[in-house]
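Each chain, written out:
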Amino acid sequence: MEEKENRRIYLDNAATTRVREEVLQEMLPYFRDNYANPSAIYTFAGEAKKAVGKAREQAAALIGAKPNEIYFTAGGSESDNWAIRATAEGLADKGRHIITSKIEHHAILHTCEYLERQGYEVTYLDVDAEGKVAPEALQRAIRPDTILISIMAANNEIGTIEPIETLGQIAHEKGILFHTDAVQAYGHIPINVEEMHIDLLSASGHKLNGPKGVGILYCRENLRLGPLIHGGAQERGRRAGTLNVPGIVGFGKAAALSGETMQERMERETALRDYLIDRVLAEIPYTRLNGHRQDRLSNNANFCFRFIEGESLLILLDQKGICGSSGSACTSGALDPSHVLLAIGLPHEIAHGSLRLTLSEENTREEIDRTVEALKEIVGRLRDMSPLYEDFVKRQ
Ligand SMILES: *Cc1c(COP(=O)(O)O)cnc(C)c1O
């Protein structure tokens with residue numbers, strides 16, 4: 001068991017990441033020593049209050065926002081739900097049309113479906129074969145009653161980075177609010193809410209080496225977003241509940257460290273990612289890369305191996321201590337192919353054979369070599385057992 005643990009190769013950083021040691025150390029005192037409720041008046045609460053203020057500054061600084069534009073939440077899904085539901089409710093008198101894309105995370109898609117059942121109309125924009133939303137398509141979809149545009153900054157499955165600045169500009173030229181699910185992008189690529197015309201932005205701690213169960217919603221200062229949780233006066237009365245002080249402190253520290261290390265990390269991960277992609281495409285036949293070749297997250301590789309099932313591939317990789325994913329955690333386990341792979345135009349049978357490998361700065365070239373060797377062996381073995389592959393070979 002221990003040997004397997006030691007040899008584990010973790011390549012599922014889009015699902016979640018390890019908490020950095022410095023982040024953990026920063027959090028610990030707020031469980032043990034400084035456990036006071038930061039809303040309290042006595043001196044003992046001062047330390048916790050100060051720490052939350054610092055975290056708010058750190059979270060804001062990473063995206064060029066002001067601290068009072070940051071609301072702490074319980075994660076990316078909550079921030080997405082809040083941004084969309086509160087905007088829809090608040091602007092219902094102005095219109096009931098929302099625009100998003102077909103490749104959003106389920107936290108967005110299922111919230112939109114919920115709103116459709118409440119009488120709202122939602123346009124789900126198509127993406128091109130590499131997963132990009134076309135600015136012209138957004139332009140065409142806008143109607144007089146459009147109240148919100150929500151397009152993710154980077155896709156969690158195929159890693160494609162969307163042209164957020166252009167999309168945000170289009171939204172603002174028409175006076176429409178622009179939200180972006182930046183859960184995969186925040187701390188990984190440069191974002192500036194002013195330059196990119198972003199009114200609302202969601203991010204999550206555990207996707208940037210921070211703790212799970214804590215996130216932020218950035219909400220532009222002059223926006224009168226309704227509350228998500230009714231109760232106490234926390235988070236300026238918009239998100240009630242005693243603050244998760246250790247989590248918030250961890251989020252702030254993770255945001256600060258992500259900012260400091262971003263450039264170096266992107267370069268290192270890009271080199272390793274490209275090495276992985278180049279080797280897999282060169283050494284395993286009938287394989288394709290999903291997502292944009294350049295405009296993609298520096299840690300994301302997503303492949304389709306023809307004639308095999310992604311699930312079988314994952315199980316055999318796991319036996320070798322390699323953690324990957326067949327798409328998003330929400331779709332694996334279900335037999336439906338990923339909505340993202342279908343949206344980029346892949347037929348069902350090919351979309352089934354997908355594998356997402358997402359790196360971190362901790363991964364080494366040696367780990368990538370071992371992963372490629374394992375993949376070659378496993379894909380070969382599965383194809384040898386595949387009737388589809390047998391037919392295909394016969395027809396050649
Ligand atoms: C992980 C993820 C979420 C959900 O974040 P949680 O903090 O796990 O709720 C939302 N959107 C995207 C793009 C994600 O990758």
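Residues numbered from 1 in each chain as written. Predicted model: local features only at pLDDT ≥ 70, side-chain atom pairs only at ≥ 80, totals over all residues. Heavy atoms only, no water.

(A) Inspection of the layout of surface pockets at higher detail. If you add up the space inside the second largest pocket, you get close to 270 Å³. Of the residues belonging to the lining of the second largest pocket, the class tally is 2 nonpolar, 4 polar and 5 charged. (1 Å grid on protein atoms, 1.4 Å probe; cavity = no way out; pocket = protein on both sides within 12 Å on 5 of 7 lines; lining within 4 Å. Points joined across faces, edges and corners; volume = space filled by probe spheres on them. Nonpolar A, V, L, I, M, F, W, Y, C, P; charged D, E, K, R; others polar.)

(B) Structural detail: helix α5 (residues 76–90). Here α5 is 15 residues long and its end C-alpha atoms lie 21 Å apart, about the 21 Å a rise of 1.5 Å per residue gives. Taken as a whole, α5 has its buried residues at Gly76, Glu78, Ser79, Asp80, Trp82, Ala83, Ile84, Ala86, Thr87 and Ala88. (Helix = DSSP H or I, 4+ residues; strand = E, 2+ residues; numbered from the N terminus. Expected span 1.5 Å × (residues − 1). Buried < 20%, exposed > 50% of the residue type's maximum accessible area, 1.4 Å probe, protein only.)

(C) Representation of the site of the ligand in the model. The full set close to the ligand counts 13 residues, and Ser77, Asp181, Gln184, Ser204 and Lys207 are the nearest of them. The contact in question runs from an oxygen atom of the ligand to an N or O atom on the backbone of Gly76, over 2.9 Å. Contacts to the ligand include Lys207, whose side-chain N or O atom sits 2.8 Å from an oxygen atom. Relative to its unbound accessible area of 380 Å², the ligand is 87% covered by the protein chains. Counting residues per element, the shell around the ligand draws most heavily on α5, which supplies 3 residues. (Near = heavy atom within 4 Å. Polar contact = N/O pair within 3.5 Å; in protein donor to acceptor, adjacent residues only side chain to side chain. Areas by Shrake-Rupley, 256 points an atom, 1.4 Å probe, with all protein chains shown as cover.)

(D) Structural context of the domain arrangement of the protein chain. Under the domain assignment, the protein chain is made up of domain 1 (2–17 + 262–395) and domain 2 (21–258). Between domain 1 and domain 2, the C-alpha centre-to-centre distance is 29 Å. Each partner contributes to the interface: domain 1 provides 27 residues, whereas domain 2 provides 33 residues. Of the roughly 2600 Å² buried at the junction of domain 1 and domain 2 (both faces included), carbon and sulfur atoms supply 52%. The largest contributions to the domain 1 side of the interface with domain 2 come from Thr17, Met262 and Leu297, which together make up 24% of the buried area. Counting the contacts that link domain 1 with domain 2 gives 1 salt bridge. Between Lys132 and Asp295 there is a salt bridge, and its shortest N-O distance comes to 2.7 Å. Across the contact surface, domain 1 and domain 2 share 19 residue pairs in polar contact (both at pLDDT 80 or more). Those elements that provide at least two residues to the side of domain 1 that touches domain 2 are α9 (245–283), β10 (300–305) and α11 (339–343). (Domains from an automatic or database assignment. Contact = heavy atoms within 4.5 Å. Buried area = accessible area lost by both parts, 1.4 Å probe. Salt bridge = Lys/Arg side-chain N within 4 Å of Asp/Glu carboxyl O.)

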